[in-house]
Amino acid sequence: MDAITGLMNGFSVALQPQNLFWAFVGTFMGTAIGVLPGIGPALTIALLLPVTVYIEPTAAFIMFAGILYGAMYGGSTTSILLNTPGESGAMMTALEGNKMARQGRGAAALCTAAIGSFVAGTIGTLGITFLAPPIAELAFIFKPQDYFALMLLAFLSVSVVMGTSKVRGFIALFLGLSLGVVGIDKQTGLQRLTFGVPDLMDGVEMTVVLVSLFAIGETLYVASRFGFQKPNLNPLAGGIWMTKEDWKRSWKPWLRGTLFGFPIGALPAGGAEIPTFLSYTVERSLTKHPEEFGHGAIEGVAGPEAANNAAAAGILVPLLTLGLPTSATAAILLAAFQNYGLQPGPLLFINSADLVWGLIASLYVGNLMLLVLNLPLAGLWVRLLFIPRPYLYAGILIFSLVGIWGVSNSWVDLAMMAGVGVLGYTMRVYDFPIAPVLIGLILGPMAEVQMRRALAVGQGDPMVFVSTPLSAVLVAVSALILIVPALLQWRRTRKIDMPDETAGV
Amino acid sequence: MIKAVFAAALAFSLSAAAPALADPAVVMAPGGAGGGYDAMARLPFEAMSKEGIFTDGATFTNKGGAGGTIGLAEFIGANRGNDNAVMSMGVILVGGILLNSSPVTLDDVTPLVRLTNDTGVVAVATDSPIKTVDDLVNAMKENLGAVSIGGGSAGGVDHIVMALIAKESGLEPARLNYIPYDSGAEAVTALGGGAVSVAVSGVSEFKPMADAGRIRIIAVTSEGRVEGIDAPSLKEAGLNVVVGNWRGIVGAPDMSAEGRTMWLDRFAKMHDSAAWKDILVKQGWEDAYLAGDDFVAFLNDEKTRIGEILKEAGLTK
């Protein structure tokens, strides 16, 4: 088979010492930027574009691929240990992962995240090797109504399972939705909720809200409770490795997360966030340990971490096969290809086979490298929690502020960080879930654009939302998610003939 | 030549108005990474650095949205009087300012050069019943709303092309079913997958997909035909519509005369360099170099022309 010979040639390229070196540089940098709040792979590769003048294309792309994968690995570390995700794709990991860390099982959470990332990255890379052309076709199959239905599904499923109180969950979600409408409406150019502040015209930067709600809110909360809390529990109480039980509970979520991440990552309007939402929801509903969710369930770490890494592999599919950049990172990679006078697309596999297969082979190598880099480090990273908390959280505060300032150089963003940070603190004090705010902020604007596109194409006919098989199925599933739990509860209450207080999960 | 540049740089470093010698340029691209404004911001600096014309490096900011006015506002707000700050821009920004009633305009910045032009193309899906410009006009006449049109931001150059086609065909441009997309990649997948019936974008964005047999180009928006594309210009097809998506560079508001001369000098050198010619070929850009006062005059004409088009087309009041 062509792909196999190509891949073998690719390995002979990727395993050359200098290319191994570039893969190491890329994965190391990727891990570092994943850990740092605010700085993502797109920005890093953009900053490194000028090096394309000096190093040969294969080496550059091997390094860039390492950055892309590494960022997804690194994002999980701070999510789990410090409850401060550096990237939006790592947000769901924080929910269960940080609870695990607080029980002294941080190392196990880091391990399942690292191995899950490796499994998903490897399966995703296998997907690029053998399935790229058909997966890339998804980009053409998805119509606005399909995107809208997918986002509706992500929305409903994640809101239904979030938090301990529906009312609090929905309040948080609507906070996020209202933050999401701020800015100039791209379809009409009208300003919404900008109050004449030019910095708000571009909308509320998602990273600002992410970092403020988690990092600043967490820091304030820890500071305010510091005097009352028991001294630190030994962060290594749960050992530095996964138990047999952990393995048993992790492998299925890894595979399911990959199944969500890879195809959705390949969609032009997919991204890494939606698959992590869906994966978290699915793990939460399939688990045999529902009581652990919200208190540190390993499935809730394994699934989303696999999903975000598979999504990172997914974005390379339309780029390599069709020359279509479907995300900011892919767009920068395309610019890098053009710097070398290469046009990604079907012809790239023929004209520059060495480069493409070298890149694909280096994805396997980079993945393995990340695993080797991260597994032994898991035990080391956890020791971060031995740092006395005043120093640790002062450090987090500084890194967050520098990260946000470095990205936008905007005073408005810093002021917003303070405001949203206080909001995050208040939400913690009154037991509001944090994640729905970000889900609303991420999905709201995406869903709005797709809904309006679908309605424009359908000339205002609402039936357009179920006009394709895919959208009809997704809308039906969304409706079931909304109706079935309510129906079950209604039947239960009728049988028992008294209100069931505990069912409102 | 290197000596001359060095001497010039030294002279500037001695004069109080000039930026510090090793200051990297502050460059704004009022569009997302990987897009046209992004390339127009980065590639000239790549060429200048390769040729040793300007080697202090540059920090790039991408700020897209609302036809580029968000980036423009930020550029103007942050860089007044900064001789080291430039921004990529183009015809879409000229329209975007009018459409978004932007509080800041191009009167606030210092025009420097026009560098390139990208001809537009009108395309349909390969299996579309629309095969020619006549078919398109007839379909629009039959039911204007049923012809959904994908393209760049609302009121951008793609939108203007369709508005002019409608106007030339005696239809009301304000009633076009125009659906803005964030990127050419999104628009081309929407068209190839049949989500929209027709799409407008630049040659460089649509030609690879047309060559791959995914979409069919039915017209180009230049005066005459474009080499390598088997489609007439709109003018040949009987519609008096010629629109070019030109791009260039402007300097910071209140840039000093020395600063302006310095940049014009750099761009003039860059335009003659081999590195820039190489980039033009690689990117498939048409050279449309126009500098200094000529560019200012052109920009003023363009502002009037586009203002009229948009008003006639019912896109602005």
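Above this text sits the structure in question.
For clarity, every value in this text was computed on a predicted model and none was experimentally measured. Note that residues are indexed from 1 along each chain, following the sequence as it is written. Written order decides the labels, with chains lettered from A and ligands numbered from 1. This being a predicted model, a pLDDT of at least 70 is required before a residue's local features are given, and a value of 80 or more before pairs of side-chain atoms are given or counted; all residues contribute to the totals for chains, interfaces and linings. To get the side-chain values, all heavy atoms of the structure are used, and hydrogens and water are removed first.

## What about the overall build of chain A?
Basically, it comes down to this: By definition, any uninterrupted DSSP run of H or I lasting at least four residues is a helix, any uninterrupted run of E lasting at least two residues is a strand, and each is numbered from the N terminus. Only protein chains enter the accessibility calculation, which uses a 1.4 Å probe. A residue is then buried if its area is under 20% of the maximum for its type, exposed if over 50%, and partly exposed in between. In this analysis, two residues are considered to be in contact whenever any of their non-hydrogen atoms come within 4.5 Å of each other. The accessible surface values rely on the Shrake-Rupley method and a 1.4 Å probe; as for residues, cover is taken only from the protein chains in view. Positive charges come from Lys and Arg alone, negative charges from Asp and Glu alone, with His and the N- and C-terminal ends not counted. In this description, the location of a charge corresponds to atom NZ of lysine, CZ of arginine, CG of aspartate or CD of glutamate.
If you tally the helices and strands in chain A, you get 20 helices and 2 strands. Dimensions of chain A along its principal axes, counting C-alpha atoms only, are 70 × 60 × 50 Å. Out of the 505 residues belonging to chain A, those deemed buried represent 57%. Across chain A, contacts joining residues at least 24 apart in sequence account for 79% of those joining residues at least 6 apart. Accessible surface, chain A: about 20200 Å² in total, of which carbon and sulfur atoms supply 71%. Taking the average place of the 26 positive charges on the side chains of chain A and the average place of its 27 negative ones, the gap between the two points comes to 10 Å.

## Regarding the interface of chain B and chain A
Selection rule: Salt bridge, as used here, is a side-chain nitrogen of Lys or Arg placed within 4 Å of a carboxyl oxygen of Asp or Glu. For the purposes of these results, a polar contact is taken to be a pair of N or O atoms within 3.5 Å, where, inside protein, one atom must be able to donate a hydrogen and its partner to accept one; residues adjacent in sequence count only when each atom of the pair is a side-chain atom.
Taken together, the contact pairs 38 residues of chain B with 30 residues of chain A. Residues R453 of chain A and E186 of chain B are paired through a salt bridge, measuring 2.9 Å at the closest nitrogen-oxygen approach. Linking chain B to chain A there are 5 residue pairs in polar contact (both at pLDDT 80 or more). The set of elements that each furnish at least two residues to the side of chain B that touches chain A consists of α2 (36-50), α3 (69-79), β6 (177-180), α7 (184-192) and α10 (274-283) of chain B.

## What about the environment of D293 of chain B?
Position of D293 of chain B relative to the elements: it lies in helix α11 (residues 292-312). Along the primary structure D293 of chain B and E258 of chain B are separated by 35 residues, whereas in three dimensions their C-alpha atoms are 15 Å apart.

## A short note on empty space enclosed by the protein
Empty space among the atoms becomes visible once a probe the size of a water molecule is rolled across them. Selection rule: Only protein atoms enter the calculation, which uses a 1 Å grid: trapped sets of points that fit a 1.4 Å probe without letting it out are cavities, open sets showing protein on both sides within 12 Å along at least five of seven lines are pockets, and any residue with an atom within 4 Å of a point is a lining residue. Grid points are joined across faces, edges and corners, and a volume is the space filled by probe spheres set on the points. Throughout this entry, Asp, Glu, Lys and Arg are counted as charged residues, while Ala, Val, Leu, Ile, Met, Phe, Trp, Tyr, Cys and Pro are counted as nonpolar. The remaining residues, Gly among them, count as polar.
Summed over all chains, the structure comprises 7 cavities of 30 Å³ or more. Estimates place the volume of the largest cavity at around 100 Å³. The wall of the largest cavity is formed by 13 residues, among which F142 and Y147 of chain A together with Y181, E186 and A190 of chain B lie closest to the centre. When contributions to the lining of the largest cavity are tallied by element, the ones reaching two or more residues are α7 (144-161) and α19 (435-457) of chain A together with α7 of chain B. Residue classes in the lining of the largest cavity are distributed as 8 nonpolar, 2 polar and 3 charged.

## Comments concerning the pairing of strand β7 (residues 198-202) of chain B
Residue and element names in this part refer to chain B. Our working rule: In this scheme, strands are said to pair when DSSP sees at least two bridges between them.
The buried fraction of β7 amounts to 5 of the 5 residues, a majority that puts the element mostly inside the structure. In this structure, strand β4 (residues 110-125) lies alongside β7, joined through 5 bridges in antiparallel fashion. Residue pairing across strands places V121 opposite S201, the latter belonging to β7. With 2 bridges connecting them, strand β5 (residues 148-151) and β7 associate as parallel partners. Across the sheet, residue G150 finds its bridge partner in β7, namely A199.

## Points about the nonpolar core
The condition that has to hold: Within this scheme, the nonpolar core is defined by two criteria: the residues are buried Ala, Val, Leu, Ile, Met, Phe, Trp, Tyr or Cys, and they are joined through side-chain atoms within 4.5 Å.
Counting 169 residues, the largest nonpolar core has F61, F64, M91 and I128 of chain A as its most contacted members. At 16 residues, helix α4 (residues 57-82) of chain A tops the list of elements feeding residues into this core. Look past the residues within four positions of F61 of chain A in its chain and what remains in contact with it is L333, A336, F337, Y340, L355 and L359 of chain A. Listed in part, the 59 residues of the second largest apolar core include A73, L93, V124 and A163 of chain B.

## Comments concerning the pairing of strand β9 (residues 244-251) of chain B
Residue and element names in this part refer to chain B. Summarising burial for β9: 8 of the 8 residues are buried, a large majority. Covered by surrounding structure in β9 are G244, W246, G248 and V250 together with N245, R247, I249 and G251, the residues of both alternating faces. Strand direction decides the pairing type here: strand β3 (residues 85-90) and β9, joined by 5 bridges, are antiparallel. Paired with S88 across the two strands is I249, which belongs to β9.

So yeah, pure geometry; function would need other evidence.
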